[in-house]
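# Chain and residue survey
Next come the chains, spelled out residue by residue.
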Amino acid sequence: MMKKLALSAALALTMGISAVANAHPTNAGYATTSNDTVWKTSYGECWQHSYWTEEDKTVECGAEPVAAAPAPAPAPAPAPKMVTKMIDAQESHIIYFDFDSSKVNDVSAIVNYVGSLAKLNSIELKGYTDSIGTNAYNDALSKRRVEAVDAALVKAGIETSKVVSYSFGEANPVKVCTDTGASRKACLRENRRVEVSISGQKQIKVQQ
């Protein structure tokens, strides 16, 4: 008789637990009280139903806590905005000549610089000679020299209207020599020149 009572009590308890569990699916697989608290043994272990599976395992009953999702990476900073700007640009060159010559050897450096400009404003040529010879001869020679440079630049594709020429003969020497003969001619080479001044504008990229 006592065995029957014990069995009935156990059956009633099991049915009560099942009913509570069915009413509270939050902890599916575990026996719970009416307020959805998981029943535990005297050892602190959660009381599992016979249909419990690993998927029913909760953090309270030994499951590893789910790691929090990592914070989203900050949005990349917007790329700096670049704008085109025009700036004034100037450069000077000197073309040297042999004694009593107006032959131009090379104007590529001038042409290359002009090609780097977004806009060419002007090219100013100033021709000079050394002090050997008469003033009239040297005036004419300095003129031939600037004309020769002008022609070389135009041949390279530079607009004629942008070139302004001046000739000054033996004025404004940059070198004074006391030598004589061939040595004097060599010493005065720096005076046999055409000074080239280029004015224009360059296009550059700047951060706004």
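Note that the coordinates shown come from a computational prediction; the quantities given were computed from them, not determined experimentally. (Residues numbered from 1 in each chain as written. Predicted model: local features only at pLDDT ≥ 70, side-chain atom pairs only at ≥ 80, totals over all residues. Heavy atoms only, no water.)

### Considerations on the overall build of the chain
Helices and strands together make up the secondary structure of the chain, namely four helices and four strands. Reading the chain from its N terminus to its C terminus gives the helix and strand order α-β-α-β-α-β-α-β. Residue burial in the chain is summarised as follows: out of 208 residues, 27% are buried. Residue pairs at least 24 apart in sequence account for 68% of intrachain contacts in the chain once pairs closer than 6 positions are excluded. Element-wise, carbon and sulfur atoms account for 56% of the exposed surface of the chain, whose accessible area totals about 13800 Å². (Helix = DSSP H or I, 4+ residues; strand = E, 2+ residues; numbered from the N terminus. Buried < 20%, exposed > 50% of the residue type's maximum accessible area, 1.4 Å probe, protein only. Contact = heavy atoms within 4.5 Å. Areas by Shrake-Rupley, 256 points an atom, 1.4 Å probe, with all protein chains shown as cover.)

### Regarding the confidence of the model for the chain
Averaged over every residue, the pLDDT of the chain is 83; the share at 70 or more is 87%. Confidence drops under a pLDDT of 50 for residues 1-24, and excluding neighbours within four residues, the segment shows 19 contacts in the predicted structure. (pLDDT = per-residue confidence, 0-100.)

### Things to note about the pattern of salt bridges
For the structure shown, the criterion picks out three salt bridges. Asp-130 is the salt-bridge partner of Arg-192, the closest N and O atoms lying 2.8 Å from each other. Of the two residues, Arg-192 is situated in the loop between α4 (181-187) and β4 (193-207) and Asp-130 in the loop between β2 (119-127) and α3 (135-155); the sequence distance between them amounts to 62 residues. Judged on exposure class, the residue Arg-192 and its partner Asp-130 are both buried. (Salt bridge = Lys/Arg side-chain N within 4 Å of Asp/Glu carboxyl O.)

### Some thoughts on the state of the cysteines
Considering all chains together, one arrives at one disulfide under this definition. Note on cysteine connectivity: Cys-177 is disulfide-linked to Cys-187, with sulfurs 1.8 Å apart. When the S-S torsion is -80°, as for the bridge of Cys-177 with Cys-187, the disulfide is left-handed. Residue Cys-177 is located in the loop between β3 (163-167) and α4, and its partner Cys-187 is located in helix α4; the two are separated by ten residues in the primary sequence. For Cys-187, a relative accessible area of 18% gives the class buried. (Disulfide = S-S within 2.5 Å.)

### Overview of the sheet that holds β3
Strands in a sheet are paired, the pairing made by backbone hydrogen bonds, and the direction either parallel or antiparallel. Spatial ordering of the open sheet is given by β1-β4-β2-β3, a layout of four strands whose pairing is mixed. At either margin of the open sheet sits one strand with a lone partner, and together these are β1 (82-96) and β3. Averaged over all adjacent pairs, the angle separating strand axes in this sheet is 15°, with direction ignored. Along the sheet, helix α2 (residues 108-116) makes contact with β1, β2 and β4, crossing β1 at roughly 165°. (Pairing = 2+ DSSP bridges. Axes fitted to C-alpha atoms, helices over the stretch in contact; angles between N-to-C directions.)

### Things to note about α3
Compared with an ideal rise of 1.5 Å per residue, which puts 21 residues at 30 Å, α3 spans 30 Å between its outermost C-alpha atoms and is within 8% of the ideal. Contact partners of the buried residues in α3: β1, α2, β2, β3 and β4. Once α3 ends, the next one or two residues include Gly-157, with phi positive near 105°. (Expected span 1.5 Å × (residues − 1).)

### Quick look at the packing of aromatic side chains
Tallied over the full model, the rule gives two aromatic pairs. When the ring of Tyr-128 is compared with that of Phe-168, the centres are 5.4 Å apart and the planes differ by 20°; the resulting orientation is stacked. You can see Tyr-128 sitting in the loop between β2 and α3 and its partner Phe-168 sitting in the loop between β3 and α4, a full 40 residues away along the chain. Exposure remark for Tyr-128: the relative accessible area of 4% places this residue in the buried category. Exposure remark for Phe-168: the relative accessible area of 33% places this residue in the partly exposed category. Centre to centre, the rings of Tyr-166 and Phe-168 are 6.4 Å apart; their planes meet at 25°, and the pair counts as stacked. (Phe/Tyr/Trp six-rings, centres within 6.5 Å; stacked < 30°, edge-to-face > 60°.)

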